[in-house]
Amino acid sequence: MRRQIEQNPFTILFLFYLLAFGVFFFYSIFTFPGHLATFLWPFVWTNSFILFMRYCIPVTVAAVAVAYSLLPAADTVLVRSGRQPFAKLVSSHLTTFIVLAVVYTALILGLHPLAVRNMERFDSLTEEAEKFLDKAKKAMVKQDSNTALLNYQRYLEIDEGNRKIMGVVSDLQKKMIADRPEPPQAAQQDRESMRIRDLAEGKEAYEFLEMAEDYFEQEDYFSAHYYANLAYEIDSGREDARRLAARAQDKIASKDLSKLEEEEKRLYERKKEGYKHFSSGDYIKAYKVFLELKEEYPRDAYVNSYLEKSVDRLSEKHFYLDEAEQIDTLPGATELLFVNYRDEDEREIVYIGKLAGTEAGIFCKDIEVLRFNDRELLYHYHVPYGRLSEGAMFLHGVERIAQGAAPREAAPRETEPRYLSGASGLRREPDPNMLVLVPTLEELPTLKGGSAASASAEGIGFLTLWKARGQIGSYGYLEPTISAEILRRLLMPFSFLILCLLSVAVGWRFQARFSARPHWILLVFMPLFPLVAIPLTALYLHAQQILLNFAALRLRFSISLVVFLVLQGLLLLITMIILAGQRAD
Amino acid sequence: MKDIIRLPIFFLFVVILLFILFFGLSVLAYWGIVHSEGREAALQAVEAGLPGLLVQVLPAAVFAALFILMAHIAAKPGSRFLSLLIPLAGAFVLLAVGYQILQQLEPADRQTAGVSRAGAVEPSSRRYLVPGVFNTAESKVIYIEQIGERTVSPVVLVEGGSADRKLLYFPQGFVLVGDDSVVLRMGMAGMDRNTLEIDPQPVYGAMFDEGPVLKRLFSDVDFLNRELLRVFRSSLPEFYFAVLALVVAFYGSGMFLRLSRWHLLNITLALLALRGLLALFCLLGEGVVFELGKDMSNPQALKFLPEVVLFVVGGLLVLIDLLFVPFKRKEGV
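Just so you know, these numbers come straight off a predicted model, no measurement behind them.

Participant: Whenever I open this one, the overall build of chain A confuses me. Can you help?
Facilitator: A count of helices and strands for chain A gives 21 helices and 12 strands. For chain A, buried positions account for 50% of its 585 residues. At a minimum sequence separation of 6, the contacts of chain A that also span at least 24 residues come to 69%. When the accessible surface of chain A is summed, it comes to about 29,200 Å², and 56% of that surface belongs to carbon and sulfur atoms.

Participant: Honestly, the overall build of chain B in this entry has me stumped. Any pointers?
Facilitator: Secondary structure summary: chain B contains 8 helices and 7 strands in total. Principal axes of the C-alpha set define a box for chain B whose edges measure 80 × 50 × 45 Å. Evaluated residue by residue, chain B yields a buried proportion of 48% over its 333 residues. Excluding contacts between residues fewer than 6 apart, the proportion of contacts in chain B whose partners are at least 24 apart in sequence is 63%. Carbon and sulfur atoms provide 64% of the accessible area of chain B, an area that totals close to 15,500 Å². For chain B, the distance from the average site of its 28 positive side-chain charges to the average site of its 29 negative ones is 10 Å.

Participant: Quick question: what am I supposed to make of the interface of chain B and chain A here?
Facilitator: How large an interface is tends to be reported as the accessible area lost when its parts come together. Counting from both sides, the interface comprises 53 residues of chain B and, opposite them, 60 residues of chain A. Summed over both partners, the interface of chain B with chain A comes to about 5,000 Å²; 76% of that surface belongs to carbon and sulfur atoms. The tally of links from chain B across to chain A stands at 2 salt bridges. Glu145(B) is paired through a salt bridge with Arg347(A); the nearest N and O atoms lie 3.2 Å apart. Counting every contact that joins chain B to chain A gives 9 residue pairs in polar contact (both at pLDDT 80 or more). Contributions of two or more residues to the side of chain B that touches chain A are made by α1 (3-33), α2 (39-75), β1 (134-137), β2 (140-147), β3 (151-158), β4 (167-170), α5 (212-234) and α7 (263-295) of chain B. The element that contributes the greatest number of residues to the side of chain B that touches chain A is α7(B), accounting for 8 residues.

Participant: Before we go on, may I ask you to explain the sheet that holds strand β10 (residues 414-415) of chain A in this structure?
Facilitator: Residues and elements named next belong to chain A. Here we have 3 strands laid out as an open sheet, ordered β3-β9-β10, and mixed in their pairing. The open sheet is flanked by β3 (319-320) and β10, the only strands paired with a single partner. One ladder, built from 2 bridges, connects strand β9 (residues 397-398) with β10; its direction is antiparallel. The partner of Val-398 across the bridge, within β10, is Glu-414.

Participant: Help me out: how do you make sense of empty space enclosed by the protein in this one?
Facilitator: Empty space among the atoms becomes apparent when a probe as large as a water molecule is rolled across them. Residues and elements named next belong to chain B. All chains considered together, the criterion is met by 3 cavities of 30 Å³ or more. Here the largest cavity is characterised by a volume of approximately 100 Å³. As for the largest cavity, its lining consists of 13 residues, and the residues nearest its centre are Ser-83, Tyr-251, Arg-258, Asp-321 and Phe-327. Shared between two domains, the lining of the largest cavity takes at least three residues from each, and those domains are domain 1 (1-122) and domain 3 (210-333).

Participant: Just checking my understanding: could you explain the domain arrangement of chain B for this structure?
Facilitator: Residue and element names in this part refer to chain B. Split by domain assignment, chain B resolves into domain 1 (1-122), domain 2 (125-199) and domain 3 (210-333). With 32 residues of domain 1 at the contact, the number on the domain 3 side is 31 residues. At the junction of domain 1 with domain 3, the criterion picks out 1 salt bridge. A salt bridge links Asp-321 to Arg-80; its shortest N-O distance comes to 3.5 Å. Linking domain 1 with domain 3 are 5 residue pairs in polar contact (both at pLDDT 80 or more), by the criterion used here. Considering each element in turn, the side of domain 1 that touches domain 3 owes the most residues, 12 residues, to helix α3 (residues 80-105). When the residues that make up the side of domain 1 that touches domain 3 are grouped by side-chain class, the tally is 20 nonpolar, 10 polar and 2 charged.

Participant: Teacher, can you tell me more about a nonpolar patch on the surface here?
Facilitator: All names here are of chain B. Together, Val-308, Val-312, Leu-316, Leu-319, Ile-320, Leu-322, Leu-323 and Phe-324 make up a nonpolar patch on the protein surface, roughly 750 Å² of accessible area in all. Looking at where Val-312 falls in the secondary structure, it is placed in helix α8 (residues 305-324). Classification of Val-312 by relative accessible area gives partly exposed; the value is 46%.

Participant: How should a negative patch on the surface be read in this particular structure?
Facilitator: On the surface, Glu210(A), Glu213(A), Asp214(A) and Glu217(A) cluster together into a patch of negative charge. As for its placement among the helices and strands, Glu213(A) is situated in helix α10 (residues 205-217).

Participant: Before we go on, may I ask you to explain the nonpolar core in this structure?
Facilitator: The nonpolar side chains of a soluble globular protein tend to be buried, and buried together. In terms of nonpolar packing, the biggest core is built from 195 residues, with Phe97(A) and Trp262(B) touching the most fellow members. Here the element with the most residues in this core is helix α6 (residues 86-141) of chain A; it accounts for 18 residues. Apart from residues no more than four positions distant in its own chain, Trp262(B) is found in contact with Val66(A), Ser69(A), Leu70(A), Phe510(A), Gln511(A), Ala512(A), Phe514(A), Leu522(A), Met526(A) and Phe529(A). In terms of nonpolar packing, the next biggest core, distinct from the first, is built from 39 residues, Met211(A), Ala241(A), Ala248(A) and Tyr287(A) among them.

Participant: Can you walk me through the pattern of salt bridges in this structure?
Facilitator: Think of it this way: side chains of opposite charge can pair up when their charged atoms draw near. For the structure on display, the rule yields 29 salt bridges over all chains. Between Lys365(A) and Glu128(A) there is a salt bridge, with the nearest N and O atoms lying 3.4 Å from each other. Of the two residues, Lys365(A) sits in strand β6 (residues 361-372) while Glu128(A) sits in helix α6, which places them 237 residues apart along the sequence. Judged by relative accessible area, which is 9%, Glu128(A) ranks as buried. When the shortest N-O distance is used, the salt bridge between Arg216(B) and Glu286(B) registers 3.7 Å. Taken together, the residues Arg216(B) in helix α5 and Glu286(B) in helix α7 connect sequence positions 70 residues apart.

Participant: Is there a simple way to explain the confidence of the model for chain A in this structure?
Facilitator: Caution applies to low-pLDDT regions: their predicted coordinates should not be interpreted in detail. Residues and elements named next belong to chain A. Residue-level pLDDT values for chain A average 82, and 85% of them are 70 or greater. Confidence, read as mean pLDDT per element, is least for strand β1 (residues 78-79) in chain A (45) and greatest for helix α20 (residues 528-554) (95). This stretch, residues 74-81, has a pLDDT under 50; its non-local contacts, to residues over four places away or in other chains, come to 13 contacts. Below pLDDT 50 for its whole length, residues 192-198 participates in 21 contacts with residues either more than four positions away or in separate chains.

Participant: How do you make sense of the pairing of strand β7 (residues 377-389) of chain A when you look at a structure like this?
Facilitator: The side chains of a regular strand alternate between both faces of the sheet. Residues and elements named next belong to chain A. In terms of residue burial, β7 counts as a mostly covered element, since 10 of its 13 residues are buried. In this structure, β6 lies alongside β7, joined through 10 bridges in antiparallel fashion. Of the residues in β7, the one forming a bridge with Val-369 is Tyr-381. In terms of strand pairing, β7 meets strand β11 (residues 418-421) through 3 bridges, oriented antiparallel. When the sheet's bridge partners are listed, His-380 is paired in β11 with Ser-421. Examined bridge by bridge, β7 and strand β8 (residues 392-394) share 3 bridges and lie antiparallel to one another. Bridge pairing in β8 places Arg-387 opposite Phe-394. Between β7 and β8, which pair antiparallel and follow one another directly, the connecting turn spans 2 residues, one of which, Glu-390, has a positive phi of 45°.

About the criteria used
Residues numbered from 1 in each chain as written. Chains lettered and ligands numbered in written order. Predicted model: local features only at pLDDT ≥ 70, side-chain atom pairs only at ≥ 80, totals over all residues. Heavy atoms only, no water. Helix = DSSP H or I, 4+ residues; strand = E, 2+ residues; numbered from the N terminus. Buried < 20%, exposed > 50% of the residue type's maximum accessible area, 1.4 Å probe, protein only. Contact = heavy atoms within 4.5 Å. Areas by Shrake-Rupley, 256 points an atom, 1.4 Å probe, with all protein chains shown as cover. Lys, Arg positive; Asp, Glu negative; His and termini not counted. Charge placed at Lys NZ, Arg CZ, Asp CG, Glu CD. Buried area = accessible area lost by both parts, 1.4 Å probe. Salt bridge = Lys/Arg side-chain N within 4 Å of Asp/Glu carboxyl O. Polar contact = N/O pair within 3.5 Å; in protein donor to acceptor, adjacent residues only side chain to side chain. Pairing = 2+ DSSP bridges. 1 Å grid on protein atoms, 1.4 Å probe; cavity = no way out; pocket = protein on both sides within 12 Å on 5 of 7 lines; lining within 4 Å. Points joined across faces, edges and corners; volume = space filled by probe spheres on them. Domains from an automatic or database assignment. Nonpolar A, V, L, I, M, F, W, Y, C, P; charged D, E, K, R; others polar. Patch = residues over 30% accessible without salt bridge, like charges linked within 9 Å, V, L, I, M, F, W, Y side chains within 5 Å. Core = buried A, V, L, I, M, F, W, Y, C linked by side-chain atoms within 4.5 Å. pLDDT = per-residue confidence, 0-100.

Written out as structure tokens, the structure is:
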């Protein structure tokens, strides 16, 4: 077994990998930052992987050099029939090095950005969770149980296993149930009985008129007036409908209304108001009216139908806040910043605090937009949430009231742009509640320049970076920095392979000349090899990066790529020559 | 006796090769850093910085070549006497003489200035701020539409994070570029005024940054350069002594190259020793001398402490090498 280990350099390589990962694993445990406890093990694994990838090349270089320097020359080189040249011996190992380089490429270009994004997720979610907890505690002090419960629940969406907070939530819910007043059931029943019994949906004018006549005969003048009006609105040529509506109106006016009839009149007026809003395209107002009516008259078919229609229309240009607020507890791209280049003479700078996708769509939060020209600031506004859809961001959010929810005193919440300055400028826009975005959805996560700390492109996938490079200059970013990042990533797999091969030659060149088996005490020195390999490989990479970054600055990207390939080809050639030149004895 | 010709030629060849490599990379890095100033200004800055860069890369090239020569001697041992004399004398002569020659290339006004640095041409604000892009300045991000000689307009300051207003707009501002900071004064007066004082970090500086792994090493090499320049400006005998101390110390680390039968381990130990000596030199020069100087009545007496310590340590290593470490090892014994 021991002999096998000594003769197979890859056994030593994998032992080095295992030990390095172990060291990074324990290091990650002890350096766990102040994230939520639920992120401990995900953090440890992710951080270990990131560290492993960061030091993979020096660890490989050290391991390969050690392995080849310890290969017992006589046993290895003299294979059966006689001496083999070193190059021939190594050629059998080359395939494994190429496979290793391919695996490394997949990890560094594919998995590494994901791991970096994961780390960013731990940061941002911990921050969000702390905010929710803080808000909940403040609400508790103010005895605002609803707000406290909402924020505790949101906290638990992030920190699912926190038993302490679960206990607090459970106690709070019990308390809230105990404090809730009984609903006035009698009044509710009266209201429900008042609903209009027929659905006005999909009927022709003559059918409405027939319904109106029926109601008139039954002395239900409200319903008669309502349906007669509807018939007239559908077909303005129906004078009979207009006349019936007028007669019903007269009857209502001449009648002493009972309390119930007053209520019915109010319902009718509200329905008419909602319908008017709906017809004029003001779906938010229509939604609000029908939502209120729905709370009072949950079984009214007309109300239900128009509420549903309003919701459908609303979702085209607006969004529900409950859906948008889901991104608070989700991971996403944070602190996006870009120039929204829409006009030659004007600049629009957009800041997005967070961008994340939910089942309901892609939402943004904490959006700030500033537009100016050479002379003045045109407008500057902030909006808490927005929904992305087909190259535009809709900025008007409304609160959705759950069916069967308890009646509330406060009006449903709405979020719209809040003008910080230059409101008149914004009003000149065709639709002040819609922001046309120039960057595509795919490009947005690459525009992470909202803060100096978040500006790193490490978390961005290679292909995304490659696609974004061409346009990134128009969004207010330096294109050469992205080109340099692409070249840096491409450099890593090439360096892995070249340095692997070079360390084979170095290890062989500086072989141990022990007469007996090496003493176990030499194991003590093993950690020294990676320690020396780290700065040496860093110097190698830094020297190449200077050259490539300069090329990225001064030349076109395609020419920089050619420079890169020529350089790597040259280095590979030199390495192969060095490798082939090693002596077998 | 072949060594008397072979070793100096080999050493000279490696020094020249490394000198060209280091110098080329330094020029490219410096050119890249000043690239944002525009073609003409960047070329002027690079031209003005060339003598400084030549001086800066010489010690690194000589010491790296010295190490390679020692490794070469360890691999193919020849005459012990020449193996001691040629590296020591060669490194000393090349560094001491080369340094003086290269210093002559510096303009006279900068030869007498405190510390030489590359790019002594007055930098413009374009080195630190580029119009039409988001400029990162420490924790802030700044967008400037137009940059004049001293004025900027309009400016958008991105506060980001948890600030109430993430974006702040200023119709115009002023920019002042100093040696230690770049001051950006935005807004006219009162509440809307905002002054930002940032470290002068060139726009493309991060692209040519050495990265966290090499930061300490590069800062130690920078210190070594500053120290050599300081003693060079102080007096020539002091400069010769400093060069001698460094050469002896780095030659002393070559002792590890013959320590065991495992050559890779020897090289590793020697590299660590080399790095350790450089770190010790900086530690003494930057930390210990400063701390001791606070308690001493004559802190000037300590100014050669790093060189003296390095000379003593190096001398001891050379002595151990001569007395205890076999110069040639028989194969397989």
